[in-house]
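In case you want the letters, here they are:
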Amino acid sequence: MAWQRVASFNEIGVDGVLGVDVNGTPVALYRLSNEVFATSGICTHALALLSDGFVEDGRIECPLHQGQFDIRSGKALCAPVTEDLPTYAVKLEGDDVFIDMERPAASAPAVANATPNRKAGDGVRAAEEGDQAGTGKIASMNVDPELSLTKRYVWPAEGLTRIPDWVYTDQTIYEREIERIFHGRTWNYVALECEVPKVGDFIRSNVGPTPVVVVRADDGSINVVENRCSHRAAEFCRELSGNVKEFVCPYHQWSYDLQGNLAGVPFRRGVNGKGGMPADFNNARHGLRRLNVTTHRGVVFASYLDDMESLQDYLGPEVLKEFEATFDGRKPRLLGYYRHTLPGNWKLYHENLKDPYHATLLHTFLVTFGLLVAGNRSLMLADATGRHGVMASAKSERKSVSSDAKKEMRAYRDGMTLAEPRFMDFVEEFDSPWSVTMATIWPNLIIQREMNTLGLRQIIPTGPHEFIMKWTMFGFEGDDEEMTRHRLRQGNLMGPAGFLGLEDNEAIKFVQDGMQHVPGGQHLVKLDPAVAAGTSDSLISEASIRAMYRHWRAEMGL
């Protein structure tokens, strides 16, 4: 060890930095209270002198690009710096400061990272962001919101077999859903991993109505941040997808790294000693709101809560089995998108896919070509909570449809044929007894497997009377050209003008119209009384819808 005297203790200002030259090597000395620390004096990013930087809360901020390092450990804390600073051992003898250039600083507790975990519940931002997740909206409407809500919104005495229309039409109920469901204890689908394969790849998405950005960071992790600048709330990300090194808000050019840390504030120190941010402004407290993220077999989910259960536990064993039958370990490959707006309440789409009864009556294509027919081997699965479900059926031949069933199904068309017979080919590729499955993952995802066409439907509510549906169609990396063409061909079943989707879209509008125009209405969900609420092996059932509203009422406190 070679200790060298490099400075006087009193030469270093309290919470300041002093640059010295030690045998031709620039060194930065920092005084935090009565302790002194030493690092390399050159920023690892663009070689600026750290002695010209700013010391704040145990960090040194580079004067050139505002990268920050932990003074004690030398650790790089935020973009654009990625390489840590070398540190040196320090000792004090009286007023003399000695350093050993051959020995790093002893391990010491580091300062709080410049990227505090800004997931829901983070203490640093809780006070500043209390209303951002909608928690103040209902409270501002009522002195005692819980009491007034339960008095105003009274569920029918019949219980789950009758649903009041205010569930679908009331603005206060909608706001409470955003707060308690989409921003509450749920995993929300946001993307496929194959949509952001490289560092810097991003795609815009939503958690409920809240716009978010899904981005692949430098360390390979996937981050989900609110698409809202911490400065003046502008949606900083304007493109649907792309590749960036950082995000820059177009309004005032505040910049953020790929993990959501605030990296740069133009004129933060003002000009000529005037203006700028307050002296106590802390970049670490003004990064983007970051959500909890989990992935499973190439599918990305996000939550506003940090203490969420695992996705596997959230889905439950039966729904997880169906999830993994579709996402079976092969890597998903993006094929394309549909996007459209539906004039109805977002929950009606969940109901539509927990309602096999309508499928046997509304959809001419389904029943005529044997995809989902009364009498088919089928299942309407509900998980233990009632929030998730899977509608499943095994394809039949038309000759197996009974004459009595045909009489009940007005949509059935004897004699209808296809100009393209390959359309109904089914290649058995999944470990599943079903040729058709529609998994409803609460609150915003439908996993569609209609024979060999595969898709994810993301529900984005925009109000009580409207939602956006984003369809992401996919295959797998191992698919050959023939299979890809087959998936795309069968994809004509789906989307806003699909052989099936068009009828559902109209029906949802009809229902919403009926509820809006008859105030105080209620409607029935009584089919299959032998199953109070849950799984049924009959297509003539509404038991899964009842299970969903059992869960909804518990979450909403109604």
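All of these numbers come straight from a predicted model, not from anything done at the bench. (Residues numbered from 1 in each chain as written. Predicted model: local features only at pLDDT ≥ 70, side-chain atom pairs only at ≥ 80, totals over all residues. Heavy atoms only, no water.)

### Quick notes on the overall build of the chain
Line of reasoning, step 1. In terms of helices and strands, the chain carries 13 helices and 28 strands.
Line of reasoning, step 2. Counting over 558 residues, the chain shows a buried share of 55%.
Line of reasoning, step 3. Across the chain, contacts joining residues at least 24 apart in sequence account for 62% of those joining residues at least 6 apart.
Line of reasoning, step 4. On the chain, roughly 24,000 Å² of surface is accessible, and the fraction owed to carbon and sulfur atoms is 50%. (Helix = DSSP H or I, 4+ residues; strand = E, 2+ residues; numbered from the N terminus. Buried < 20%, exposed > 50% of the residue type's maximum accessible area, 1.4 Å probe, protein only. Contact = heavy atoms within 4.5 Å. Areas by Shrake-Rupley, 256 points an atom, 1.4 Å probe, with all protein chains shown as cover.)

### Let's talk about the pattern of salt bridges
Line of reasoning, step 1. What the rule picks out here adds up to 21 salt bridges.
Line of reasoning, step 2. A salt bridge links R387 to E309; the nearest nitrogen and oxygen atoms lie 3.8 Å apart. Here E309 lies in the loop between β20 (299–303) and α6 (311–326) and R387 lies in the loop between β22 (378–382) and β23 (389–393), a separation of 78 residues in the sequence.
Line of reasoning, step 3. Here K509 makes a salt bridge to D513, at a shortest N to O gap of 2.7 Å. Here K509 pairs with D513, and both are found in helix α12 (residues 501–516), just four residues apart, close to one helical turn.
Line of reasoning, step 4. Overall, the relative accessible area of 23% leaves D513 in the partly exposed class.
Line of reasoning, step 5. One connected set of salt bridges, linked through shared partners, spans D328, R330, E429, D479 and R487. (Salt bridge = Lys/Arg side-chain N within 4 Å of Asp/Glu carboxyl O.)

### Details of the side chain of H340
Line of reasoning, step 1. Within the secondary structure layout, H340 lies in strand β21 (residues 332–342).
Line of reasoning, step 2. If we ignore the near neighbours within four places in the chain, the residues touching H340 are F467, I468, M469, W471, P496 and N505.

### Let's talk about the sheet that holds strand β12 (residues 201–207)
Line of reasoning, step 1. Taken together, the four strands give an open sheet; going across it, the order is β14-β13-β12-β15, and neighbouring strands pair in antiparallel fashion. The strands lining the two open edges of the sheet, one partner per strand, are β14 (222–226) and β15 (241–243). With direction set aside, neighbouring strand axes in the sheet form an average angle of 30 degrees.
Line of reasoning, step 2. In the sheet, β12 pairs with β15 via three bridges, with the strands oriented antiparallel. Paired with I203 across the two strands is S241, which belongs to β15. (Pairing = 2+ DSSP bridges. Axes fitted to C-alpha atoms, helices over the stretch in contact; angles between N-to-C directions.)

### Structural notes on the sheet that holds strand β17 (residues 255–256)
Line of reasoning, step 1. An order of β16-β17-β18 is seen for the three strands of this open sheet, with the pairing classed as antiparallel. Where the open sheet ends on each side, the last strands, each with one partner, are β16 (247–248) and β18 (262–264).
Line of reasoning, step 2. Bridge analysis of β17 against β18 gives two bridges, and the strand direction is antiparallel. Paired with Y256 across the bridge in β18 is L262.

### Details of helix α11 (residues 481–490)
Line of reasoning, step 1. Those residues of α11 that fall on the buried side of the exposure criterion are M483, T484, H486, R487, R489 and Q490.
Line of reasoning, step 2. Residues of α11 that are buried make contact with β21, β25 (445–450), β26 (453–463) and β27 (466–476).

### Overview of the pairing of strand β4 (residues 35–40)
Line of reasoning, step 1. A large share of β4 lies buried, amounting to five of its six residues.
Line of reasoning, step 2. In sequence, strand β3 (residues 25–32) turns back onto β4 through a hairpin of two residues, with S33 there showing a positive phi of about 60 degrees.
Line of reasoning, step 3. Here β4 runs beside strand β8 (residues 87–93); their pairing, made up of two bridges, is antiparallel. From the neighbouring strand, T39 faces β8, where its bridge partner is T87.

### Looking at helix α5 (residues 171–182)
Line of reasoning, step 1. Counted at 1.5 Å a residue, the expected span for α5 with its twelve residues is 16 Å, and the 15 Å between its end C-alpha atoms agrees.
Line of reasoning, step 2. Summarising burial for α5: nine of the twelve residues are buried, a large majority.
Line of reasoning, step 3. Listed in full, the buried residues belonging to α5 are T172, I173, Y174, E175, R176, E177, I178, I181 and F182.
Line of reasoning, step 4. A distance of 2.8 Å separates the backbone nitrogen of T172 from a side-chain oxygen at the start of α5, and that oxygen is part of D170. (Expected span 1.5 Å × (residues − 1). Polar contact = N/O pair within 3.5 Å; in protein donor to acceptor, adjacent residues only side chain to side chain.)

### Quick look at the pairing of strand β11 (residues 188–192)
Line of reasoning, step 1. Of all five residues that make up β11, five are buried, and the element is covered over most of its length.
Line of reasoning, step 2. Pairing between β11 and β20: four bridges, direction antiparallel. When the bridges of β20 are listed, A191 appears paired with V300.

### What about the environment of G316?
Line of reasoning, step 1. Take G316: it is sitting in helix α6.
Line of reasoning, step 2. A sequence separation of 68 residues divides G316 from A384, and the C-alpha atoms of the two residues are 7.5 Å apart.

### A look at the confidence of the model for the chain
Line of reasoning, step 1. Per-residue pLDDT for the chain averages 86, and the proportion of residues at 70 or more is 85%.
Line of reasoning, step 2. When the criterion is pLDDT under 50, residues 108–143 qualifies, and its contacts beyond four places in sequence or with other chains add up to 79 contacts.
Line of reasoning, step 3. Segment residues 404–412: pLDDT under 50, and 21 contacts once partners within four positions in sequence are set aside and those in other chains are kept. (pLDDT = per-residue confidence, 0-100.)

### Let's talk about the environment of N10
Line of reasoning, step 1. Looking at the secondary structure, you find N10 in the loop between β1 (3–8) and β2 (16–22).
Line of reasoning, step 2. Residue N10 is classed as exposed on the basis of its relative accessible area, which comes to 59%.
Line of reasoning, step 3. Between the C-alpha atom of N10 and that of D96, which follows or precedes it by 86 residues, the distance is 8.8 Å.
Line of reasoning, step 4. Polar side-chain contacts of N10 include one of 3.2 Å to the side chain of D95.

### As for the layout of surface pockets
Line of reasoning, step 1. There is about 740 Å³ of room inside the largest pocket.
Line of reasoning, step 2. Lining the largest pocket we find 36 residues, and of these C78, A79, P80, V81 and A263 sit closest to its centre.
Line of reasoning, step 3. A per-class count over the lining of the largest pocket returns 15 nonpolar, eleven polar and ten charged. (1 Å grid on protein atoms, 1.4 Å probe; cavity = no way out; pocket = protein on both sides within 12 Å on 5 of 7 lines; lining within 4 Å. Points joined across faces, edges and corners; volume = space filled by probe spheres on them. Nonpolar A, V, L, I, M, F, W, Y, C, P; charged D, E, K, R; others polar.)

### Remarks on the nonpolar core
Line of reasoning, step 1. Ranked by size, the top nonpolar core spans 70 residues in total, and within it Y349, Y549 and W552 carry the most contacts.
Line of reasoning, step 2. The residues touching W552, leaving out its near neighbours within four places in the chain, are W155, W166, V167, I173, E177, I181, K347, W442 and L558.
Line of reasoning, step 3. By size, the runner-up hydrophobic cluster in this structure holds 17 residues, among which are V213, V215, L262 and L288. (Core = buried A, V, L, I, M, F, W, Y, C linked by side-chain atoms within 4.5 Å.)

### A look at the packing of aromatic side chains
Line of reasoning, step 1. All chains considered together, the criterion is met by 19 aromatic pairs.
Line of reasoning, step 2. Each ring, one from F474 and one from F476, has its centre 6.0 Å from the other, and the planes form 85 degrees; the classification is edge-to-face. Of the two residues examined, F474 and F476, each falls in the buried class.
Line of reasoning, step 3. Between Y549 and W552, the aromatic rings sit 5.9 Å apart at their centres with planes inclined by 65 degrees, giving edge-to-face as the arrangement. Note that Y549 and W552 are positioned in helix α13 (residues 543–556) at a spacing of three residues, about one turn of the helix. For the pair shown, Y549 and W552 are each scored as buried.
Line of reasoning, step 4. Through successive ring pairs, a cluster of aromatic residues spans Y153, W155, W166, Y168, Y549 and W552.
Line of reasoning, step 5. Its end group placed over the ring of F98, K91 keeps NZ or CZ at 5.7 Å from the ring centre.
Line of reasoning, step 6. Positioned above the aromatic ring of F430 is the side chain of R449, whose terminal nitrogen or guanidinium carbon lies 4.6 Å from the ring centre. (Phe/Tyr/Trp six-rings, centres within 6.5 Å; stacked < 30°, edge-to-face > 60°. Lys NZ or Arg CZ within 6 Å of the ring centre and 35° of its normal.)

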